[in-house]
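Topology and contacts: notes
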Amino acid sequence: MAHAVRMPKPGQMTEECLLTLWRKAEGELVAKGDVLFEIETDKSTMEVESFHDGVLLRHVVPAGEFVPVNAVCAWIGDPGESIPDGASALDAAAPTQTEPEPTADTARAPATQRAAPAGAAAAAASPQEPSRDPDGPVPAISPRARRLASASGLDPRSVAGSGPGGRIVERDVQAALAAGAALARNGELAGPTEDEAAPRPLSRMRRVIAERLTLSATTIPTFSVTVTADVSRLLALRDELRAAGVHLTVTDVVLFATAQTLAEFPDVNSRTDGVQVWPRRRVHLGLAIALPAGLVVAVLRDADRLGVVEIHDQAAALVTAARAGTLGVDDLRGSTFTVSNLGMYGVDDFTAIVNPGESGILAVAAAVPTPVVIGDGIAVRTLMKLTLSADHRLVDGELGARFLNAVRRRLEDATAVRRELASS
């Protein structure tokens, strides 16, 4: 019996991947574990291995094409064996169309879906020229896309689908909402003026970032709360450790403190779709990493069980892999909460946007020497602002304030970090 080789689903929000290179030719022998082809997501490239022994009977799709997740890319079987009649990538992609909800431990990671082509996005968003009959039946639409359209008050009949068979998928609704917002701001379709240079397209990564942030801004009711932490003792400890050959960063300690606090506040480590809440049993902490092409969120798994030195080592490895473009699938998915640190860029304070599938994100600003009143006198202390952005469906202001103050206490208690280092 011939076995189908399907396009994997690297992340919860991924709908298709680019098949970049075939590593096995038609007619070539294949062993279980052999690399069959390479794929590219918005965050990295990766290899796809075979689960079967046999001969690669056929390439269903050529290199250089975008393929829906779970679609058949090839067939493996015995020499000369026939494959099912009419089998194609699109026909075989049907299992992904139900778009099941993720489990508590596989909630959304950094996005790897591809943006709809510019022409499709414009057609989807133009109320003057709807791509479908506004009085006709509702077109084929995925469950996620239907929920997002309903929550946003968007008529699916005005959206052009880019999924298999013209089906409307979530990214089509996101593109329509984003373009509709631009129309509301400008009163007309965006276009070049005589003062502008020739346009250049957004990179694939930047389009995905735009889609996901639009999804967050339009579907997640977010509030923010800020506290100021006195990190004078923490910086003194860092300098002391560096002199002893232990190189920790402020980010390492922030990650450590946040992971411990998430274990203490499980509601902040949950997710919701607005109807149900999925509490998470594990803390998978996302670390926002800036790259020349955009932003990725790499994941420290079971971060609350890691010591501060282990967090340093794993975070450093993730940053190195991200800059080299070698992050794996598991490095990019399943984060339950994210930390974004812009302190090294001298930012006084900022508000980050919650990643869909998470309940909050912590924005860390620069540590700044500041005169403060202590008793009857004035002293210079190093202060750092922390801003929590949270999904108000899960986290109220009081809970957010308690969570953020718990993080602050851990950062200000340098002796706790010293004790953890001594016990590791």
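So, a few notes on the structure that sits alongside this text.

Rules and cut-offs
Residues numbered from 1 in each chain as written. Predicted model: local features only at pLDDT ≥ 70, side-chain atom pairs only at ≥ 80, totals over all residues. Heavy atoms only, no water. Core = buried A, V, L, I, M, F, W, Y, C linked by side-chain atoms within 4.5 Å. Buried < 20%, exposed > 50% of the residue type's maximum accessible area, 1.4 Å probe, protein only. Helix = DSSP H or I, 4+ residues; strand = E, 2+ residues; numbered from the N terminus. Contact = heavy atoms within 4.5 Å. Salt bridge = Lys/Arg side-chain N within 4 Å of Asp/Glu carboxyl O. 1 Å grid on protein atoms, 1.4 Å probe; cavity = no way out; pocket = protein on both sides within 12 Å on 5 of 7 lines; lining within 4 Å. Points joined across faces, edges and corners; volume = space filled by probe spheres on them. Nonpolar A, V, L, I, M, F, W, Y, C, P; charged D, E, K, R; others polar. Pairing = 2+ DSSP bridges.

Before going further, it helps to examine the nonpolar core. Nonpolar side chains tend to gather and get buried jointly when the protein is soluble and globular. Counting residues in each nonpolar core, the largest one holds 59 residues, and the members touching the most others are Leu285, Leu362, Leu386 and Leu411. With eight residues, the single largest contributor to this core is helix H6 (residues 250-264). With residues near it in sequence (within four places) discarded, Leu285 still touches Leu255, Thr258, Ala259, Leu262, Ala298, Val299, Leu300, Ala303, Phe337 and Val339. Ranked by size, the runner-up nonpolar core spans 18 residues in total, among them Val5, Met7, Phe37 and Ala74.

On to the pattern of salt bridges, then. Once their charged atoms are close, side chains differing in charge can pair, the charge on each being opposite to the other. Counting across every chain of the model gives 14 salt bridges. In this structure, Arg23 engages Glu38 in a salt bridge whose closest nitrogen and oxygen atoms are separated by 2.6 Å. Of the two residues, Arg23 is situated in the loop between strand S2 (16-22) and strand S3 (29-30) and Glu38 in strand S4 (residues 35-40); the sequence distance between them amounts to 15 residues. Classification of Arg23 as partly exposed rests on a relative accessible area of 38%.

Moving on, we come to empty space enclosed by the protein. For the structure shown, the criterion picks out two cavities of 30 Å³ or more. Taken together, Leu234, Leu237, Arg238, Leu241, Leu248, Thr249, Val253 and Val417 make up the full set of residues lining the second largest cavity. Per-element accounting of the lining of the second largest cavity gives the leading share, four residues, to helix H5 (residues 232-243). Looking at the lining of the second largest cavity residue by residue, the class counts come to six nonpolar, one polar and one charged.

Okay, unusual backbone geometry next. Not every positive phi belongs to a glycine, and Asn70 is a case in point at roughly 75°. Within the fold, Asn70 resides in the loop between strand S7 (65-68) and strand S8 (72-77). At Asp302, a residue that is not glycine, the phi angle is positive and equals roughly 50°. Position of Asp302 among the secondary structure elements: in the loop between strand S13 (294-300) and helix H7 (308-324).

Right, let's talk about the environment of Leu404 for a bit. Considering the arrangement of structural elements, one finds Leu404 in helix H8 (residues 397-412). When its relative accessible area of 0% is taken as the criterion, Leu404 is described as buried. For the pair Leu404 and Thr261, spaced 143 residues apart in sequence, the C-alpha to C-alpha distance is 8.6 Å. Those residues in contact with Leu404 that lie beyond four places of it in its chain are Val225, Thr226, Val227, Leu362, Leu386 and Leu388.

Counting buried positions along S8 gives six out of six residues, so the element sits mostly inside the fold. Direction of pairing for strand S1 (residues 3-6) relative to S8: antiparallel, over a ladder of four bridges. From the neighbouring strand, Val5 faces S8, where its bridge partner is Ala74.

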